[in-house]
Amino acid sequence: MLNQWKRAWKEAVENFWRELKAEDDVDAGTGLGSLRRELASATEEVRRLDTELERARRELAAEREQEETCRRRERLAREIGDLETARIAAGFAQRHAERAAILARKVEVLEAERAIRLRDLAEMETVLQQRSTATTPLDPLDDPTDTLFRTLEREARERAAEERLQELKRRMS
């Protein structure tokens, strides 16, 4: 699953930059919609990564708790002289410790990947913002507040559409 997300992220970033370059070759007013879609796709990938990171953290906490429980059982068994139970508990504690170590590395890698993706995402947002500003025709007769309100309304519609899409995805899961 992580590899699929990595591929999707890489494709989203590559598409963003490819479309940005293509936009440089054509009229300045075209292509912003596709750039916004790529940005939305990259944002969704960050959300998915956040979900995976949270799940890995929960699994790590559970493994550490299980390890501690097994260590406690081992200690109690040794105190009453039940060496067989102590041996079994120590074996389970070792397995939980190994899983916890792997999950800790997984969390570390996911956090590093998230940091890289957030940096890429910020760069994409900056470029899109610059392009949007550069391609917005300035009409001296336009009321700046009217333009601001249109922008805010458009962004609100896009957010609402994204929320509806997320709700549909949750229902389908």
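Just so you know, these numbers come straight off a predicted model, no measurement behind them.

A short note on the overall build of the protein
And then number 1: When you go through the protein residue by residue, the secondary structure sums to 4 helices and 0 strands.
And then number 2: Walking the protein from its N terminus toward its C terminus, one meets helices and strands in the order α-α-α-α.
And then number 3: Counting across all 173 residues of the protein, residues that qualify as buried make up 27%.
And then number 4: Sequence-distant contacts, at least 24 apart, represent 80% of the contacts inside the protein between residues at least 6 apart.
And then number 5: Accessible surface, the protein: about 12,100 Å² in total, of which carbon and sulfur atoms supply 54%.

Some details on the confidence of the model for the protein
And then number 1: Looking at the protein as a whole, the pLDDT averages 81, with 80% of positions reaching at least 70.
And then number 2: Predicted confidence in the protein is weakest over helix α1 (residues 2-25), with a mean pLDDT of 69, and strongest over helix α2 (residues 32-79), with 91.

Observations regarding the environment of A42
And then number 1: Within the fold, A42 resides in helix α2.
And then number 2: Along the chain, A42 and L121 lie 79 residues apart, while their C-alpha atoms are 6.8 Å from each other.
And then number 3: Apart from the residues lying within four places of it in its own chain, the contact partners of A42 are W9, A12, L121 and M124.

Details of the pattern of salt bridges
And then number 1: Across all of its chains, the model carries 16 salt bridges by this definition.
And then number 2: Here E84 ties to R87 by a salt bridge, and the two come within 2.5 Å at their closest N and O atoms. Taken together, the residues span about one helical turn, with E84 and R87 both in helix α3 (residues 83-135) at a distance of 3 residues.
And then number 3: Salt bridges linked by common partners bring E44, E45, R47, R48 and E162 together as one network.

Let's talk about the nonpolar core
And then number 1: Of all hydrophobic cores here, the largest spans 13 residues; its most connected members are W9, A42, L121 and M124.
And then number 2: Elements with a contribution of two residues or more to this core: α1, α2 and α3.
And then number 3: The greatest single-element share of this core, amounting to 5 residues, is contributed by α2.

Digging into the environment of L121
And then number 1: Residue placement: L121 occurs in helix α3.
And then number 2: Residues L121 and V13 lie 108 residues apart in sequence; the distance between their C-alpha atoms is 8.4 Å.

Topic: the environment of V13
And then number 1: Within the secondary structure, V13 is located in helix α1.
And then number 2: Each C-alpha atom of the pair V13 and L39 lies 8.1 Å from the other, and the pair is 26 residues apart in sequence.
And then number 3: Once residues lying within four places of it in the same chain are set aside, the contact partners of V13 are D120 and M124.

Conventions used here
- Residues numbered from 1 in each chain as written.
- Predicted model: local features only at pLDDT ≥ 70, side-chain atom pairs only at ≥ 80, totals over all residues.
- Heavy atoms only, no water.
- Helix = DSSP H or I, 4+ residues; strand = E, 2+ residues; numbered from the N terminus.
- Buried < 20%, exposed > 50% of the residue type's maximum accessible area, 1.4 Å probe, protein only.
- Contact = heavy atoms within 4.5 Å.
- Areas by Shrake-Rupley, 256 points an atom, 1.4 Å probe, with all protein chains shown as cover.
- pLDDT = per-residue confidence, 0-100.
- Salt bridge = Lys/Arg side-chain N within 4 Å of Asp/Glu carboxyl O.
- Core = buried A, V, L, I, M, F, W, Y, C linked by side-chain atoms within 4.5 Å.

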